[in-house]
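Architecture at a glance
Take a look at the letters that make up each chain.
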Amino acid sequence: GCSDVCLVSSGQLGMPASYNARLWKTLLYKIDEGLFNRMLGEEISDFEVRVRSMAPDKIPAVRLDGTSDQGFGGTFAPHHTGVQFYDYTKGSQRFFKGRPPNWHLTFSFSGYNEAEAHAVLQAGGNVAVAFAVRKGTKLRAPGRLPETWLGFPVLDADATDVRFQDPPGHVAGLRLKYSAGGFARSVVKGGPFVVRPHPQWSRI
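Since we're looking at a predicted model, the values are computed, not measured.

Here we come to the overall build of the protein. Helices and strands together make up the secondary structure of the protein, namely 6 helices and 8 strands. Counting from the amino terminus, helix and strand elements in the protein follow one another as α-α-α-β-α-β-β-α-β-β-β-β-α-β. Split into buried and exposed, the 204 residues of the protein put 41% on the buried side. Partitioning the contacts of the protein with sequence separation of at least 6, the portion at a separation of at least 24 is 47%. By element, 56% of the accessible surface of the protein is carried by carbon and sulfur atoms, the whole surface being about 11600 Å².

Note that soluble globular proteins tend to have their nonpolar side chains buried in a common cluster. Counting 28 residues, the largest nonpolar core has F85, F109, V127, V129, F131, W149 and V171 as the members making the most contacts within it. Every element with two or more residues in this core is listed here: helix 3 (33-54), helix 4 (72-76), strand 3 (103-108), helix 5 (114-122), strand 4 (126-131) and strand 6 (152-156). Non-local contacts of F109, meaning those with residues more than four positions away in its chain, are made with E114, A117, V127, A128, V129, W149, P192, F193 and V195. Counting 6 residues, the second largest nonpolar core, distinct from the first, contains Y88, A157, A172 and L174.

Once that is clear, we can look at the pattern of salt bridges. If you walk through the whole model with that rule in mind, you get 6 salt bridges. One salt bridge in this structure joins E48 and R52, with 3.9 Å as the shortest N-O distance. Here R52 and E48 lie together in helix 3, a separation of 4 residues that amounts to about one turn. We note a salt bridge from D156 to R175, for which the minimum N-O separation is 2.9 Å. You can see D156 sitting in strand 6 and its partner R175 sitting in strand 7 (residues 171-175), a full 19 residues away along the chain. One salt-bridge network, held together by shared partners, links D156, D158 and R175.

So, about helix 5. Working note: α-helix, 3.6 residues per turn, so residues spaced by three or four point in the same direction. Among the residues making up helix 5, those that are buried are A117, V120 and L121. Each buried residue of helix 5 lies within a common arc of 100 degrees when the element is viewed along its axis, so the set occupies one face. Away from the buried face of helix 5 by more than 90 degrees, exposed residues A115 and Q122 are located. The secondary structure elements touched by the buried residues of helix 5 are strand 3, strand 4, strand 5 (148-149), strand 6 and strand 7.

Here the focus is the side chain of T106. By secondary structure assignment, the location of T106 is in strand 3. T106 gets classed as buried once you look at its relative accessible area, which sits at 0%. In contact with T106, other than residues within four places in its own chain, are D87, Y88, T89, F95, N126, V127, A128 and R163.

A cluster of nonpolar residues, Y19, L23, W24, L27 and I31, forms a patch on the protein surface that exposes about 580 Å² of accessible area. When you line up the elements, W24 lands in helix 2 (residues 16-31).

With 6 of its 6 residues buried, strand 3 lies for the most part within the structure. Where burial is concerned, the two faces of strand 3 agree: the one with W103, L105 and F107 and the one with H104, T106 and S108 are both buried. Here strand 3 pairs with strand 4 via 3 bridges, running parallel. Counted as the bridge partner of F107 is V127 from strand 4. Each parallel crossover has a hand, and the one from strand 3 via helix 5 to strand 4 is right-handed.

So, on to the confidence of the model for the protein. Taken as a whole, the protein shows an average pLDDT of 86; of its residues, 81% reach a score of 70 or greater. A low-confidence stretch, residues 200-204 stays under pLDDT 50, and its non-local contacts, those more than four residues away or across chains, total 8 contacts.

Next up on the list: unusual backbone geometry. Phi at L150 takes a positive value of approximately 55 degrees, unusual for a residue other than glycine. Relative to the helices and strands, L150 is located in the loop between strand 5 and strand 6.

The next point concerns the packing of helix 2 against helix 3. Where helix 2 contacts helix 3, the axes come no closer than 5 Å and their chain directions differ by 125 degrees. By the angle between their directions, the pair helix 2 and helix 3 is classed as oblique. Facing helix 2, whose interface residues are K25, L28, Y29 and I31, helix 3 presents E33, L35, F36 and M39. The residue inventory of the contact of helix 2 with helix 3, partitioned by class, reads 6 nonpolar, no polar and 2 charged.

Reading the values: rules and limits
Residues numbered from 1 in each chain as written. Predicted model: local features only at pLDDT ≥ 70, side-chain atom pairs only at ≥ 80, totals over all residues. Heavy atoms only, no water. Helix = DSSP H or I, 4+ residues; strand = E, 2+ residues; numbered from the N terminus. Buried < 20%, exposed > 50% of the residue type's maximum accessible area, 1.4 Å probe, protein only. Contact = heavy atoms within 4.5 Å. Areas by Shrake-Rupley, 256 points an atom, 1.4 Å probe, with all protein chains shown as cover. Core = buried A, V, L, I, M, F, W, Y, C linked by side-chain atoms within 4.5 Å. Salt bridge = Lys/Arg side-chain N within 4 Å of Asp/Glu carboxyl O. Arc of directions from axis to C-beta. Patch = residues over 30% accessible without salt bridge, like charges linked within 9 Å, V, L, I, M, F, W, Y side chains within 5 Å. Pairing = 2+ DSSP bridges. Right-handed = clockwise from strand over helix to strand, strands pointing away. pLDDT = per-residue confidence, 0-100. Axes fitted to C-alpha atoms, helices over the stretch in contact; angles between N-to-C directions. Parallel < 35°, antiparallel > 145°, perpendicular 65-115°, else oblique. Nonpolar A, V, L, I, M, F, W, Y, C, P; charged D, E, K, R; others polar.

Written as structure tokens, this is what we have:
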């Protein structure tokens, strides 16, 4: 659902440079995983040094699984304890077993894992949900997110991507990021992945 509707082809991720970057990183990972890990580790270390020198009061934050669910954050977090790692994941089991304290996860609702999403929320985790609500433009105000989902409070996850600062037990409400074809087509294409929070909103 994420990749079909919005994640891979909307905004900057739809640009050729982003596509080529994902392609080459994936090829390097598949061809030489050891070299990939060494290069990524060095980039994380360099980033931490740069942040510490420019803004000593800030915590470096890294999100590695932008368009994958490999769990890279769990691999690198123990080796970079001064960095805050955070990711979205559809692997609910990661919330119920030990993981590095500097790796924050937000469970991603797919349309087919509602029971898992509810279990994560009950355990104090956070769940990201894409709602059939327009993000807004210069001429149109952003659509209103629902106040609750599955009985849990919804926060505006479009206000910031800093998910590790979200209060526990909250739904990270995302307005649908649509690509070519427009909003209505993306709502239909998204199927159960895109939640219609109000009956009339499903007819937009």
